[in-house]
Amino acid sequence: MTLGHHPDMSLAEARREAAKLDPRKHGSTRTVSDLVKDYRGIIERDNKRPHLTTGYLDRGIPLHLRDMRIADVARADLVAAIREYKIRINGRSGERARDAFRGILRQMFGLAVEQGDIDINPAAGITARITGYTPKDRARVLNDDEIRLLWRQV
């Protein structure tokens, strides 16, 4: 950002002018698309099955949100994206898919905090109440013989 030119403006004057600026208006110009790219790189490097996460990113983040600056994204924007998410992926649909998407958004915007793009994660306070998902207990678990059989087939 240019505040003036030397020698017309001294360093002290430039510092005074910079102190007056609102960092939210004049901060980083990085967009959500930039953040998705960064997060995707980490997922593809660290996960054994990155396509499970990147599919949510590709299908779940609306275009208007991708063009927003990271600092301008509000919790309400993320809640709206989560509520609109209705695509069936890997057998998960409805509430479960929205809840998985919520978790991915929380981790991705956590990366934005780590990188210094924002100070507060807008997805941190979004709970499963928004998605409507309630984990269900499984009807049964495998016994030792079934586990051995399963391992032999793998």
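Anything mentioned here points back to the structure above.
Residues numbered from 1 in each chain as written. Predicted model: local features only at pLDDT ≥ 70, side-chain atom pairs only at ≥ 80, totals over all residues. Heavy atoms only, no water.

### Remarks on a nonpolar patch on the surface
In step 1: On the surface, Leu142, Ile147, Leu150, Trp151 and Val154 cluster together into a nonpolar patch covering about 550 Å² of accessible area.
In step 2: Within the element layout of this structure, isoleucine 147 appears in helix α9 (residues 144-153). (Patch = residues over 30% accessible without salt bridge, like charges linked within 9 Å, V, L, I, M, F, W, Y side chains within 5 Å. Areas by Shrake-Rupley, 256 points an atom, 1.4 Å probe, with all protein chains shown as cover. Salt bridge = Lys/Arg side-chain N within 4 Å of Asp/Glu carboxyl O. Helix = DSSP H or I, 4+ residues; strand = E, 2+ residues; numbered from the N terminus.)

### A word on the side chain of asparagine 121
In step 1: Along the polypeptide, asparagine 121 turns up in the loop between α7 (95-115) and α8 (128-131).
In step 2: There is a polar contact of 2.9 Å between the side chain of asparagine 121 and the backbone oxygen of arginine 106.
In step 3: Of the polar contacts made by the side chain of asparagine 121, one reaches the backbone nitrogen of alanine 123; its length is 2.8 Å.
In step 4: Once you skip the residues sitting within four places of it in the chain, asparagine 121 turns out to touch Arg75, Arg106, Phe109, Gly110 and Val113. (Polar contact = N/O pair within 3.5 Å; in protein donor to acceptor, adjacent residues only side chain to side chain. Contact = heavy atoms within 4.5 Å.)

### Considering the packing of helix α6 (residues 75-84) against α7
In step 1: Contact geometry for α6 and α7: axes closest at 9 Å, N-to-C directions at 150°. In terms of axis orientation, α6 runs roughly antiparallel to α7. Of the two possible hands of crossing, α6 and α7 adopt the one that is right-handed. Side by side, α6 and α7 meet where Leu78, Ala81, Ile82 and Arg83 of the first sit next to Arg98, Phe101, Arg102, Leu105 and Phe109 of the second.
In step 2: Per-class residue counts for the contact of α6 with α7 are 6 nonpolar, no polar and 3 charged. (Axes fitted to C-alpha atoms, helices over the stretch in contact; angles between N-to-C directions. Parallel < 35°, antiparallel > 145°, perpendicular 65-115°, else oblique. Left-handed = near helix turned anticlockwise from the far one by under 90°. Nonpolar A, V, L, I, M, F, W, Y, C, P; charged D, E, K, R; others polar.)

### Digging into the pattern of salt bridges
In step 1: Under the defined criterion, the tally for this structure stands at 10 salt bridges.
In step 2: Between arginine 30 and aspartate 117 there is a salt bridge, with its nearest N and O atoms 3.0 Å apart. Taken together, the residues span a long stretch of sequence, with arginine 30 in the loop between α2 (23-26) and α3 (32-46) and aspartate 117 in the loop between α7 and α8 at a distance of 87 residues.
In step 3: For arginine 30, a relative accessible area of 24% corresponds to the partly exposed category.
In step 4: Among the salt bridges present, the one from arginine 69 reaches aspartate 72, with a minimum N-O distance of 3.0 Å.
In step 5: Taken together, the shared-partner salt bridges in this structure form one network comprising Arg30, Asp38 and Asp117. (Buried < 20%, exposed > 50% of the residue type's maximum accessible area, 1.4 Å probe, protein only.)

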